[in-house]
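# What the coordinates show
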Amino acid sequence: MKFFIDTANLAQIKEAQDLGILDGVTTNPSLMAKEGITGTNNILKHYVAICNIVDGDVSAEVIATDFEGMVREGEALADLHPQIVVKIPMIKDGIKAIKYFSDHGIKTNCTLVFSVGQALLAAKAGASYVSPFIGRLDDVCTDGLNLIDEIRLVYDNYGYETEILAASVRHTMHIVECAKLGADVITAPLSAIEGLLKHPLTDSGLATFLADYKKGN
Ligand code: G3P
């Protein structure tokens with residue numbers, strides 16, 4: 001399973017990259033705003049800064065919601081850096097844009113996916129990644145992980161190569177469950193990724209080993 005970090009924070013991206021487990025980064029307009037990155041030029045520069053830290057795909061989202069606008073913006077984003085993946089919302093013109101980019105060899109990430117039908121359409125249009133938002137489904141009392149399971153089944157039925165990128169991952173167990181269900185990628189905050197490290201028996205076991213070593217030396 002690939003690990004992406006879901007942030008526009010350069011320090012956190014660097015930390016995950018230094019850990020040696022990072023395969024990519026996802027961003028969205030809200031995450032950019034959270035870091036105080038505003039204005040088209042600053043946003044574009046920030047994408048390049050992210051690409052220069054991470055060795056992998058970096059999702060950059062279009063703002064346009066019409067086909068022509070998405071194509072224009074997406075081509076400009078893709079021209080920024082070879083690692084850029086154009087992130088397109090799951091709307092009618094978005095599907096047309098995904099098909100356009102797929103036909104032109106530009107990678108896409110279809111975002112804001114909340115149903116298996118949407119995921120099927122994204123794969124049919126040739127999306128490189130599909131992003132089901134599992135945490136936001138959980139927020140409205142709907143099982144987000146079940147969506148990962150259903151998409152996996154449908155994609156495997158037909159051999160779709162679109163990668164299931166579990167997004168809106170809120171905690172460590174989401175990551176573990178996505179791995180069990182066969183998600184191709186998770187994108188998560190650094191805290192959720194670092195949660196995978198933790199176990200009290202590791203800590204107490206290490207403390208005992210170190211104490212015992214000291215006794216004999
Ligand atoms: O990857 C999508 C993500 O950024 C949305 O997460 O926590 O705002 O639902 P969240």
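This text follows the structure it describes.
Cut-off values and rules
- Residues numbered from 1 in each chain as written.
- Predicted model: local features only at pLDDT ≥ 70, side-chain atom pairs only at ≥ 80, totals over all residues.
- Heavy atoms only, no water.
- Salt bridge = Lys/Arg side-chain N within 4 Å of Asp/Glu carboxyl O.
- Helix = DSSP H or I, 4+ residues; strand = E, 2+ residues; numbered from the N terminus.
- Buried < 20%, exposed > 50% of the residue type's maximum accessible area, 1.4 Å probe, protein only.
- Arc of directions from axis to C-beta.
- Contact = heavy atoms within 4.5 Å.

## What about the pattern of salt bridges?
- For the coordinates displayed, the defined rule picks out 10 salt bridges.
- For glutamate 177, the salt bridge identified is with lysine 180, shortest N-O distance 3.3 Å. Of the two residues, glutamate 177 and lysine 180 both sit in helix α9 (residues 172–181), three residues apart, roughly one turn of that helix.
- When its relative accessible area of 23% is taken as the criterion, glutamate 177 is described as partly exposed.
- The salt bridge involving lysine 215 is made with aspartate 212; its shortest N-O contact spans 3.1 Å. One end of the pair, lysine 215, and the other, aspartate 212, are both in helix α11 (residues 200–215), three residues apart, so they sit about a helical turn from each other.
- Under the relative-accessibility criterion, lysine 215 is labelled exposed at 70%.
- Linked through salt bridges whose partners overlap, the residues forming this network are Arg152, Asp156 and Asp184.

## Side note on α9
- Within α9, the full set of buried residues consists of Thr172, His174, Ile175 and Cys178. Buried residues of α9, seen end-on, are gathered within an arc of 160° and therefore sit on one face of the element.
- Packing partners of the buried residues in α9 comprise β1 (2–6), α7 (134–139), α8 (144–158), β7 (163–166), β8 (185–188) and α10 (190–194).
- Phi turns positive, to about 90°, at glycine 182, one or two residues after α9.

The quantities given are spatial measurements derived from coordinates; they are silent on function.
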